[in-house]
Amino acid sequence: LFRALHGPDATPNKEDESPIDEETYYTQSDLATWIREQNNCRKMFLDGKASDITPNQIKVLDQASFPWIRDSSERWDGHFRELMAFKEEHGHCNVPRTAGKLGIWVK
């Protein structure tokens, strides 16, 4: 619901206590807490530990472009794939700092 109202890349701010709209009882802080809880449950599930989330719930959240918090190895793998795509396009890995997160990661 939050992404439908605020755009696909929006994430609720924990400090913002204002309601999303007048029709709901949940604040953005409540939604931020729920997102963190889902991320923690997914991490436990992927680590083979007892978790309150099911594979189907993970699939449904994936299909909704849920903002999973990736661990450091997932972030590294993602940046590496971006770097290989950059190299494929430009023929080198000299990514300028102005190229966003990839540029910062490479430097």
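One can find the structure itself at the top, above this paragraph.
The structure reproduced in this document is the subject of the present report. (Residues numbered from 1 in each chain as written. Predicted model: local features only at pLDDT ≥ 70, side-chain atom pairs only at ≥ 80, totals over all residues. Heavy atoms only, no water.)

1. A word on the nonpolar core
Working step 1: In terms of nonpolar packing, the biggest core is built from seven residues, these being Ile35, Cys41, Ile53, Ile58, Leu61, Phe66 and Trp68.
Working step 2: Those elements giving two or more residues to this core turn out to be α2 (28-46) and α3 (55-63). (Core = buried A, V, L, I, M, F, W, Y, C linked by side-chain atoms within 4.5 Å. Buried < 20%, exposed > 50% of the residue type's maximum accessible area, 1.4 Å probe, protein only. Helix = DSSP H or I, 4+ residues; strand = E, 2+ residues; numbered from the N terminus.)

2. Remarks on unusual backbone geometry
Working step 1: Residue Ser65 is not a glycine yet carries a positive backbone phi of 55°.
Working step 2: When you line up the elements, Ser65 lands in the loop between α3 and α4 (72-90).
Working step 3: Accessibility expressed as a relative area gives 45% for Ser65, which makes it partly exposed.

3. Overview of a nonpolar patch on the surface
Working step 1: A contiguous nonpolar surface patch, about 280 Å² in accessible area, is contributed by Trp76, Phe80 and Met84.
Working step 2: Locating Trp76 in the fold gives a position in helix α4. (Patch = residues over 30% accessible without salt bridge, like charges linked within 9 Å, V, L, I, M, F, W, Y side chains within 5 Å. Areas by Shrake-Rupley, 256 points an atom, 1.4 Å probe, with all protein chains shown as cover. Salt bridge = Lys/Arg side-chain N within 4 Å of Asp/Glu carboxyl O.)

4. A look at the packing of aromatic side chains
Working step 1: Considering all chains together, one arrives at four aromatic pairs under this definition.
Working step 2: On the numbers, 5.8 Å between centres and 85° between planes, the contact of Trp34 with Phe66 is edge-to-face. Of this pair, Trp34 sits in helix α2 while Phe66 sits in the loop between α3 and α4, and the two are 32 residues apart along the sequence.
Working step 3: With relative accessibility at 38%, the residue Trp34 sits in the partly exposed group. (Phe/Tyr/Trp six-rings, centres within 6.5 Å; stacked < 30°, edge-to-face > 60°.)

5. Description of the pattern of salt bridges
Working step 1: Taken as a whole, this structure holds one salt bridge when the rule is applied.
Working step 2: Taking the shortest distance from any N to any O, the salt bridge between Lys43 and Asp47 comes out at 3.0 Å.
Working step 3: For Lys43, a relative accessible area of 44% corresponds to the partly exposed category.
Working step 4: The partly exposed category is assigned to Asp47, whose relative accessible area is 44%.

6. Some remarks on the environment of Lys107
Working step 1: Within the element layout of this structure, Lys107 appears in the segment after α5 (101-106).
Working step 2: Separated by eleven residues in the primary sequence, Lys107 and Pro96 have C-alpha atoms spaced 8.3 Å apart.
Working step 3: Leaving out residues up to four positions away in the same chain, Lys107 has contacts with Asn94, Val95 and Arg97. (Contact = heavy atoms within 4.5 Å.)

7. Quick notes on the packing of α2 against α3
Working step 1: Taken N-terminus to C-terminus, the directions of α2 and α3 make an angle of 130°; their axes are 11 Å apart at the nearest point. One finds that α2 runs oblique with respect to α3. Of the two possible hands of crossing, α2 and α3 adopt the one that is left-handed. The segment α2 lies against α3, with Trp34, Gln38, Arg42 and Phe45 engaging Pro55, Ile58 and Leu61.
Working step 2: For the contact of α2 with α3, the per-class residue count stands at five nonpolar, one polar and one charged. (Axes fitted to C-alpha atoms, helices over the stretch in contact; angles between N-to-C directions. Parallel < 35°, antiparallel > 145°, perpendicular 65-115°, else oblique. Left-handed = near helix turned anticlockwise from the far one by under 90°. Nonpolar A, V, L, I, M, F, W, Y, C, P; charged D, E, K, R; others polar.)

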